[in-house]
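Breakdown of the fold
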Amino acid sequence: MELINRWKSGDSRAATQLVGRHSQALARFAASAGERDGIEELVQDTFIRAFNSLDSFRGESSLRTWLFTIERRLMLDRRRAERRSRETVPVQDSDQVSEYGALDGLIAEEAQERVRKSLDALSPTQREVFTLRVQQGLSYKEIAEVVGSTEGATRVHYHNAIQKVKEFLRDE
Amino acid sequence: MNKCIDTEIQELLPDLLHGSLDGQSRGRAEAHLAGCESCQEDLEVLRTVRGAAVFAPTIDANSIVRQIPPYRMIVPAVEQPKRTRMVSWLVAAGLAVAAIGGGSLVMSNQRSGLVTASSQTASVLASAAVQTPAIALATNLDDLSDGNLVQLMDEMDTFDALPAAEPEPVLAVDSGDSL
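Position numbers for residues count from 1 along each chain, tracking the sequence in the order it is written. Chain letters start at A and ligand numbers start at 1, both assigned in the order the entries are written. Given that the model is predicted, a residue must reach a pLDDT of at least 70 before its local features are reported, and side-chain atom pairs must reach 80 or more before they are shown or counted; all residues, however, enter totals for whole chains, interfaces and linings.

1. A look at the overall build of chain A
Numbering of helices and strands runs from the N terminus, with a helix taken as a DSSP run of H or I at least four residues long and a strand as a DSSP run of E at least two residues long. Of regular secondary structure, chain A possesses nine helices and zero strands. Expressed as a percentage of its 172 residues, the buried residues of chain A come to 33%. As a rule, residues whose C-beta atom has 12 or fewer other C-beta atoms within 10 Å are exposed, those with 20 or more are buried, and those in between are partly exposed; C-beta atoms are placed from the backbone.

2. Structural notes on the overall build of chain B
If you tally the helices and strands in chain B, you get eight helices and zero strands. Along the chain direction, N to C, the helices and strands of chain B fall in the order α-α-α-α-α-α-α-α. Expressed as a percentage of its 179 residues, the buried residues of chain B come to 15%.

3. Quick word on helix α2 (residues 12-32) of chain A
All names here are of chain A. Expected span of a helix: the number of residues minus one, times 1.5 Å. Here α2 spans 30 Å end to end across 21 residues, near enough to the 30 Å set by a 1.5 Å rise per residue. Two axes are fitted around each residue, one to the seven residues ending there and one to the seven starting there, and the angle between them is reported as the bend at that residue. At H22, α2 shows its strongest bend, of approximately 35°. Looking one or two places after α2, you find G34, whose phi comes out positive at around 105°.

4. As for the interface of chain B and chain A
Every contact between the two is made by 28 residues of chain B and, on the other side, 40 residues of chain A. Where the side of chain B that touches chain A is concerned, the elements lending two or more residues are α1 (7-18), α3 (37-51) and α4 (61-67) of chain B. A class-by-class count of the residues in the side of chain B that touches chain A yields 18 nonpolar, six polar and four charged. Residue pairs are scored as contacts if the distance between their C-beta atoms, which are placed from the backbone, is within 7 Å. Residues are sorted three ways: Asp, Glu, Lys and Arg are charged, Ala, Val, Leu, Ile, Met, Phe, Trp, Tyr, Cys and Pro are nonpolar, and all the rest, Gly among them, are polar.

5. Focus on the packing of helix α7 (residues 124-134) of chain A against helix α8 (residues 140-147) of chain A
All names here are of chain A. Whenever a helix is involved, its axis is fitted only over the stretch in contact; in every case the axis is a line through C-alpha atoms, and angles between N-to-C directions fall within 0 to 180 degrees. Here α7 crosses α8 at 140°, and the two axes come no closer than 10 Å. Overall, the two elements α7 and α8 adopt an arrangement that is oblique. Remark: the crossing between α7 and α8 carries right-handed chirality. Residues T125, E128, V129, L132 and R133 of α7 pack against I143, V146 and V147 of α8. An angle below 35 degrees is read as roughly parallel, one above 145 as roughly antiparallel, one from 65 to 115 as roughly perpendicular, and any other as oblique. In this scheme the handedness of a crossing depends on how the near helix is turned from the far one: anticlockwise by less than a right angle means left-handed, clockwise means right-handed.

6. Section: the nonpolar core
Counting 47 residues, the largest nonpolar core has A27(A), A30(A) and V43(A) as the members making the most contacts within it. With near-sequence residues (within four places) excluded, A27(A) lies in contact with I39(A), V43(A), A56(B), P57(B) and I59(B). For this analysis, nonpolar core means a set of buried Ala, Val, Leu, Ile, Met, Phe, Trp, Tyr and Cys residues linked through C-beta atoms within 7 Å.

7. Focus on the confidence of the model for chain B
Residue and element names in this part refer to chain B. Chain-level statistics for chain B give a pLDDT mean of 74 and a share of 60% at 70 or above. The lowest-confidence element of chain B is helix α7 (residues 133-137), averaging 50 in pLDDT; the highest-confidence one is helix α2 (residues 23-34), averaging 93. Scored as a complex, the prediction yields pTM 0.58 and ipTM 0.71. The predictor reports its confidence for every residue as pLDDT, a score running from 0 up to 100.

8. A closer look at the confidence of the model for chain A
On average, chain A scores 82 in pLDDT, and the residues at 70 or more come to 85%. Note on residues 91-108 of chain A: pLDDT under 50 across the span, and 17 contacts to partners over four residues away in sequence or across chains.

Quick look at the structure:
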């Protein structure tokens with residue numbers, strides 16, 4: 001809240017700190033949730049929307065949880081728009097490797113590919129819950145806020161997800 | 001390998017992975033892990049998944065910050081005073097009276113066809129328009145202020161919906177065909 005108050009009082013460096021602190025987590029969440037293209041644009045839109053409505057942030061949840069909630073809504077909007085325009089083109093594995101390789105100079109390792117495939121085998125909600133829990137370290141309560149569900153339901157999704165991922169990795 | 005049935009510990013494993021457990025919970029989880037192969041495997045899976053989350057692109061925070069507009073405090077919009085229920089009823093009643101009066105005038109005109117009635121109607125309307133400029137100017141009663149509406153209601157009592165002229169007497173004509 002301190003950084004938010006500083007930004008409200010005109011300190012632009014506070015915005016830089018806020019974005020720097022949360023942008024990678026948002027990018028990882030988007031990638032884990034199945035987003036392949038335009039992740040940077042998605043993260044940017046998330047921050048613009050968040051900064052435009054900071055007055056509605058009460059601090060009842062953490063800022064990161066709130067940002068995840070906004071980003072998730074944007075992802076759902078995107079998917080709906082894509083579905084409507086019927087222009088969804090399945091992304092090939094090789095495309096992803098080349099795209100991210102070009103962006104970050106990263107080489108997709110075998111373990112990463114296996115994990116990505118195991119996450120792809122989950123339902124969208126299971127994947128969201130599982131990645132928010134395992135990769136972002138959010139509590140069940142925070143995850144419930146992000147995905148608009150109950151704490152109990154997120155626990156069930158987590159248990160089902162880890163069983164599926166475990167079986168997938170064991171069978172590979 | 002037996003499947004672990006301690007769901008509480010299983011749910012704590014991600015927190016153990018992130019180092020966010022307090023001392024007591026951490027000790028409990030580690031003690032359980034020492035003797036539970038199933039949870040050891042779960043923790044290994046969690047480590048693998050967490051470690052593999054590297055395929056997100058690097059975000060340029062500065063380019064995002066440049067797109068963020070400066071802070072503007074949201075000032076709540078000042079609410080216009082709402083028209084009261086009583087005034088709404090007055091508007092409705094006024095519209096009904098005007099419609100009935102106007103309809104009566106038209107019908108009266110059509111039936112009598114008298115020039116005198118027409119001129120009288122015109123004079124009534126003209127006088128009403130002069131007396132209540134609100135009627136003459138406002139095409140929509142919603143545009144009238146509350147004060148104008150009250151004035152309109154008061155003045156409606158003085159309107160003559162029908163011409164004041166007496167109907168002409170009907171004279172019986174003896175055609176000589178009577179029985």
